[in-house]
Amino acid sequence: MRLAVVLLLVCSLASCSIRSLAVNALANSLAASGDVFASDEDPELIRDATPFALKTIESLLAEVPQHEGLLLSACQGFVQYSYAFVETEAVIQEPTDYRSAQAGYERALKLYLRAKAYCFRALELRLPGFGLRLEADPIAVLSQVKKEDVDLLYWTGAAWGSAISLAMDRPEILIDLPLVRRIFDRVLELDESYARGAVHQALITLDSLPASMGGSKDRARQHFERAVELSNGKSAGPYLSFAANAAIPSQDIDEFRRLLDRALAVDPDSEPSYRLENLISQRRARFLLEHIADYFLDFEPLDEGDS
């Protein structure tokens, strides 16, 4: 009888151990796979596939809640999915279906906040008490973030900043804008060339805000130029960002057209790692040009033959 009990216990433990090993192996594989969708040429395929991938990651996190790689993958994945497919669709719907667009913006906001929560969980593992300490003394806690943490810190800023951009009328969310700026400033200090200028592109948006909110068009332009330089001009993102965030507020229609034309001139196949991002950026660029009259008070159609 005792032998039977021992054998049953051993088998149970072995079963649990095998399951744990399998879960961790799959988690490690997913976390190490990188952004496998980035080079795809079919945005619709990625739009349809991403929710399943994200839910798989969340299911694994229920089993291994402290897996840093999965937490980062969840944060990054939700930010990219929300921007590329939820927010972008809302932008395109807005002129013809305002109510659907507002619902899309609300969903995108929730996905950005969901992403932020995953990055915060990962940062808490590396820096216990990160969230509370960030609010109390952001300079002190961010000084403890090292270069190997740049991935996590950048995507935290991307998720948080994207949420704020959709909640400019919500003081309880907007109040955190200075913390997002500090996060990106720290990324800039640690690795200003991270992801070939991604942090500079993010700072185009922040520095295009009014001076009363800490913005500076001169700094925005400097970040734009550096983002183009670091991406070797192969990313449409910096052109789109400066056109939408800086040229529209200043009502510079000529620069707006020029920037979007340059965004559309980028060959999506010239750099495979930018392919999906470029296709989505160019979709937005075409939409903005088609609706240029909605953004500029002194809009006049170009004469035939003008470029």
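Residues numbered from 1 in each chain as written. Predicted model: local features only at pLDDT ≥ 70, side-chain atom pairs only at ≥ 80, totals over all residues. Heavy atoms only, no water.

Undergrad: So what's going on with the overall build of the protein chain? Which residues, and what values?
TA: Scanning the protein chain from terminus to terminus reveals 14 helices and 0 strands. Put simply, the protein chain runs from its N terminus to its C terminus through helices and strands in the order α-α-α-α-α-α-α-α-α-α-α-α-α-α. Across the protein chain, contacts joining residues at least 24 apart in sequence account for 67% of those joining residues at least 6 apart. (Helix = DSSP H or I, 4+ residues; strand = E, 2+ residues; numbered from the N terminus. Contact = heavy atoms within 4.5 Å.)

Undergrad: So what's going on with the environment of Leu-153? Which residues, and what values?
TA: You can see Leu-153 is positioned in helix α7 (residues 150–165). On the accessibility criterion, Leu-153 (0% relative accessible area) is buried. In sequence terms Leu-153 and Leu-72 are 81 residues apart; their C-alpha atoms lie 9.8 Å from each other. Setting aside residues no more than four positions away along its own chain, Leu-153 makes contact with Leu-142, Val-145, Ile-183, Arg-186 and Val-187. (Buried < 20%, exposed > 50% of the residue type's maximum accessible area, 1.4 Å probe, protein only.)

Undergrad: Run through the nonpolar core, naming residues and quoting values.
TA: Grouped together as the largest cluster of nonpolar side chains are 89 residues, with contacts concentrated most on Leu-134, Tyr-154, Trp-155 and Phe-256. Of all the elements, helix α3 (residues 68–93) adds the most residues to this core, at 13 residues. For Tyr-154, the contacting residues outside a window of four places in its chain are Phe-184, Val-187, Tyr-194, Ala-198 and Val-199. (Core = buried A, V, L, I, M, F, W, Y, C linked by side-chain atoms within 4.5 Å.)

Undergrad: Got a sec to walk through the environment of Asp-191? Specific residues and values, please.
TA: Along the chain, Asp-191 turns up in helix α9 (residues 177–191). The class for Asp-191 is buried, based on a relative accessible area of 18%. Each C-alpha atom, one on Asp-191 and one on Val-150, is 7.4 Å from the other, the two residues being 41 residues apart in sequence. Look past the residues within four positions of Asp-191 in its chain and what remains in contact with it is Lys-147 and Val-150. At a separation of 3.0 Å, a polar atom in the side chain of Asp-191 contacts the side chain of Ser-193. (Polar contact = N/O pair within 3.5 Å; in protein donor to acceptor, adjacent residues only side chain to side chain.)

Undergrad: Give a description of the state of the cysteines that names residues and reports values.
TA: Scanning the entire structure with this criterion turns up 1 disulfide. A sulfur-sulfur distance of 2.4 Å marks the disulfide that ties Cys-75 to Cys-119. Between Cys-75 and Cys-119 the sulfur-sulfur dihedral comes to about -100°; the bridge is accordingly left-handed. One end of the pair, Cys-75, is in helix α3; the other, Cys-119, is in helix α4 (residues 98–126), with 44 residues separating them in the sequence. Assessed through its relative accessible area of 0%, Cys-119 is described here as buried. (Disulfide = S-S within 2.5 Å.)

Undergrad: Can you lay out the layout of surface pockets for me, pointing to particular residues and giving the numbers?
TA: Once rolled over the atoms, a probe with the size of a water molecule shows which space is left empty. As a volume, the second largest pocket reaches approximately 190 Å³. Along the walls of the second largest pocket sit Pro-43, Glu-44, Arg-47, Ala-84, Phe-85, Thr-88, Glu-89, Leu-279, Ile-280, Arg-283 and Arg-286, which together make up its complete lining. Broken down by secondary-structure element, the contributors of at least two residues to the lining of the second largest pocket are α2 (43–63), α3 and α14 (275–290). A breakdown of the residues in the lining of the second largest pocket according to their chemical character gives 5 nonpolar, 1 polar and 5 charged. (1 Å grid on protein atoms, 1.4 Å probe; cavity = no way out; pocket = protein on both sides within 12 Å on 5 of 7 lines; lining within 4 Å. Points joined across faces, edges and corners; volume = space filled by probe spheres on them. Nonpolar A, V, L, I, M, F, W, Y, C, P; charged D, E, K, R; others polar.)

Undergrad: Which residues make up the packing of aromatic side chains, and what values go with them?
TA: Summed over the entire model, instances satisfying the criterion amount to 10 aromatic pairs. Residues Phe-78 and Tyr-118 carry aromatic rings whose centres are separated by 6.1 Å and whose planes lie at 10° to one another, so their mutual orientation is stacked. With Phe-78 in helix α3 and Tyr-118 in helix α4, this residue pair connects regions lying 40 residues apart in the sequence. Note on accessibility: Phe-78 and Tyr-118 belong to one class, buried. Stacked on the ring of Tyr-274, the Lys or Arg Arg-196 has its end atom at 4.5 Å from the ring centre. (Phe/Tyr/Trp six-rings, centres within 6.5 Å; stacked < 30°, edge-to-face > 60°. Lys NZ or Arg CZ within 6 Å of the ring centre and 35° of its normal.)

Undergrad: Give me the lowdown on the pattern of salt bridges, citing residues and values where you can.
TA: For the structure shown, the criterion picks out 16 salt bridges. Between Arg-221 and Glu-255 there is a salt bridge whose closest N-O contact spans 2.9 Å. Within this pair, whereas Arg-221 is found in helix α11 (residues 217–230), its partner Glu-255 is found in helix α13 (residues 253–265), the two being separated by 34 residues in sequence. The class for Glu-255 is buried, based on a relative accessible area of 6%. When salt bridges that share partners are traced, they join Lys-55, Glu-58 and Arg-114 into one network. (Salt bridge = Lys/Arg side-chain N within 4 Å of Asp/Glu carboxyl O.)

Undergrad: Now, about the packing of α11 against helix α12 (residues 237–247): what can you tell me, with residues and values included?
TA: Taken N-terminus to C-terminus, the directions of α11 and α12 make an angle of 165°; their axes are 9 Å apart at the nearest point. Taken together, the axes of α11 and α12 are roughly antiparallel relative to one another. As α11 packs across α12, the resulting crossing turns out to be left-handed. On α12, the residues that touch Lys-217, Ala-220, Arg-221, Phe-224, Ala-227 and Val-228 of α11 are Pro-238, Tyr-239, Phe-242 and Ala-246. Looking at the contact of α11 with α12 residue by residue, the classes come out as 8 nonpolar, no polar and 2 charged. (Axes fitted to C-alpha atoms, helices over the stretch in contact; angles between N-to-C directions. Parallel < 35°, antiparallel > 145°, perpendicular 65-115°, else oblique. Left-handed = near helix turned anticlockwise from the far one by under 90°.)

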